[in-house]
Amino acid sequence: MPRIVPVTLLVASIGLLGGCAQIADLVGAKPQATRDAESGEVTGSGEINVFTLSVGDCMSDTTDAEEVTDVNVVPCDQPHDYEVYYDFSIPDGEWDQEAVYAAAEEGCYNEFPTFVGLSYEESLLDFSYYAPTQQSWDEGSDRIVSCFIGDPSTQTTGSLAGVAR
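Because the structure is a prediction, the values reported are computed rather than measured.

> Explain the packing of aromatic side chains residue by residue, including any values.
One pass over the full model with this rule turns up 10 aromatic pairs. Between the aromatic rings of Tyr85 and Phe115, the centroid separation amounts to 5.4 Å while the plane-to-plane angle is 35°, which identifies the pairing as tilted. Of the two residues, Tyr85 is situated in strand S6 (residues 82-89) and Phe115 in helix H2 (residues 97-116); the sequence distance between them amounts to 30 residues. Overall, Tyr85 belongs to the buried group, its relative accessible area being 4%.

> Before we move on, could you go through the sheet that holds strand S4 (residues 58-60) and cite the residues and values that matter?
Strand order in the open sheet formed by six strands is S3-S5-S4-S6-S8-S7, and the pairing between neighbours is antiparallel. Lying at the two open borders of the sheet, with one neighbouring strand each, are strand S3 (46-49) and strand S7 (126-130). Each strand of the sheet is rotated relative to its neighbour by a mean of 45°, with strand direction disregarded. Here four bridges tie S3 to strand S5 (residues 70-74), and the two strands are oriented antiparallel to one another. Of the residues in S5, the one forming a bridge with Ile48 is Val71.

> Residue-level account of H2, with values.
Given a rise of 1.5 Å per residue, 20 residues ought to cover 28 Å, and the 28 Å separating the end C-alpha atoms of H2 matches this to within 8%. For H2, the set of buried residues is Val100, Tyr101, Ala104, Gly107, Cys108, Phe112, Phe115 and Val116. Between the side-chain oxygen at the start of H2 and the backbone nitrogen of Glu98 there is a gap of 3.2 Å, and the oxygen is on Asp96. Note on H2: the residue one or two positions beyond its end, Gly117, has a positive phi of about 90°.

Conventions used here
- Residues numbered from 1 in each chain as written.
- Predicted model: local features only at pLDDT ≥ 70, side-chain atom pairs only at ≥ 80, totals over all residues.
- Heavy atoms only, no water.
- Phe/Tyr/Trp six-rings, centres within 6.5 Å; stacked < 30°, edge-to-face > 60°.
- Helix = DSSP H or I, 4+ residues; strand = E, 2+ residues; numbered from the N terminus.
- Buried < 20%, exposed > 50% of the residue type's maximum accessible area, 1.4 Å probe, protein only.
- Pairing = 2+ DSSP bridges.
- Axes fitted to C-alpha atoms, helices over the stretch in contact; angles between N-to-C directions.
- Expected span 1.5 Å × (residues − 1).
- Polar contact = N/O pair within 3.5 Å; in protein donor to acceptor, adjacent residues only side chain to side chain.

Now the structure itself:
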């Protein structure tokens, strides 16, 4: 059974000045990921805000925390734990945690065979997702679910698109 890992709203700014980077190094802050300007692909490992995840991003060191604000991403040609394979919006309405999680589960489950090339039940792979929390729903109009896939037995390299396993 996939884990439910909802996300929370984070409003943050990132200082890109040299002095800010040096201060971040002193306090143990993790490096920020970099993306190719044209393709949007992750080219340098580091942290990104969960709200900036894109389909095709590969993540390492995911957490079991109930609320996530930042995730570690790596270029997909490096070993990683999960790959974002689908994202979608949940329709507006009143916050209902059960309904949000059910919609996230259903949306990710339904898209799984399209991405992998095999049904979830036949596959060795597993999926999970980041879904809105009540705070991000109410305060940030967050309606995005990000579905991610991985091999529970090992890290993978490259995309799992069409692997049919």
